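# Understanding the architecture of this molecule
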Amino acid sequence: MSTVITKDGVEIFYKDWGPKDARPLVFHHGWPLSGDDWDAQLVFFTGKGYRVIAHDRRGHGRSTQVGDGHDMDHYAADVTAVVERLDLRNAVHIGHSTGGGEALHYVVRHGQQAGRVAKLVLIGAVPPIMLKTAANPGGLPIEVFDGFRSALAANRAQFYLDVAAGPFYGFNRPGAEVSQGVVQNWWRQGMMGGAKAHYDGIAAFSETDFTDDLKAVAVPTLVMHGDDDQVVPIADSALLSAKLVKNATLKVYEGYSHGMCTVNADVINADLLAFIEA
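About the thresholds
Residues numbered from 1 in each chain as written. Predicted model: local features only at pLDDT ≥ 70, side-chain atom pairs only at ≥ 80, totals over all residues. Heavy atoms only, no water. Helix = DSSP H or I, 4+ residues; strand = E, 2+ residues; numbered from the N terminus. Buried < 20%, exposed > 50% of the residue type's maximum accessible area, 1.4 Å probe, protein only. Polar contact = N/O pair within 3.5 Å; in protein donor to acceptor, adjacent residues only side chain to side chain. Contact = heavy atoms within 4.5 Å.

## A short note on the side chain of H105
Within the secondary structure, H105 sits in helix α3 (residues 98-111). For H105, a relative accessible area of 4% corresponds to the buried category. Here D213 takes part through its side chain, which lies 2.6 Å from a polar atom of the side chain of H105. With residues near it in sequence (within four places) discarded, H105 still touches M72, D73, A76, H110, F210 and D213.

## Structural notes on unusual backbone geometry
Between W31 and the following residue, P32, the backbone shows a cis peptide bond with an omega angle of -5 degrees. Along the polypeptide, P32 turns up in the loop between β3 (24-28) and α1 (39-47). A cis amide bond, omega 5 degrees, links P127 with the succeeding residue P128. With respect to the helices and strands, the residue P128 is situated in the loop between β6 (117-123) and α4 (142-165). Although it is not a glycine, D87 sits at a positive phi angle of roughly 50 degrees. Positionally, D87 belongs in the loop between α2 (72-86) and β5 (91-96). Here D87 falls in the partly exposed class, since its relative accessible area comes to 41%. With a phi angle near 60 degrees, S97 is a residue other than glycine that sits in the positive phi range.

So yeah, pure geometry; function would need other evidence.
Below you can see the structure in the form of structure tokens.
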């Protein structure tokens, strides 16, 4: 397997497909998944001649099920280890959901200073901050995330089935065309990872305040979000993020769910390609 060992001894798995001299696209997956969640994009962009890289976050997928370091600082440092191992330059970093926070944090804290980043894409991403606070009254109350933790601790396998079969892809909407394969693949990815990493990761994606990171982005940024996203509601995420990033383009997808990269891959891939090649 292709892996890199981080400074604190964690083995991070990654895929690296396509010509090594082609422009690199780095994909950051959501919670509690793995690099496999980008299959529709990895196949599409290798077909377009790009080099695609997708890692499994620590504690997720095929990376070490370590018991600590499940926070955005460690996530971004782990990305740095992969980027430096592969010596990626002029890269486009594409993050979905929790991976959007990770990609943003990496770009601002590591990638820009090293001159390795060309563009950033945030898809259904968690910034600026999901949690309701005095400074973020439109956020979700802590009880929502406490409910995630309770469900995970009680019966992670059932919880993951319920998320995938319900709000993640909008399969709970009237008239939705449900794909059991998509549901089972989400469950498979989730169950590959460690329960401790997933439990701790809830705080990482819900309580991290990315406001300063958004203000510090210096590369062209595309913010993509479905207006029927039931997992990361658009009003308190993309609509705010696009205003905080100096050079951001916002694309809102009517009726699209949190899982639009999979169930609407044709549309998302075409728009990603246009932004990358612009």
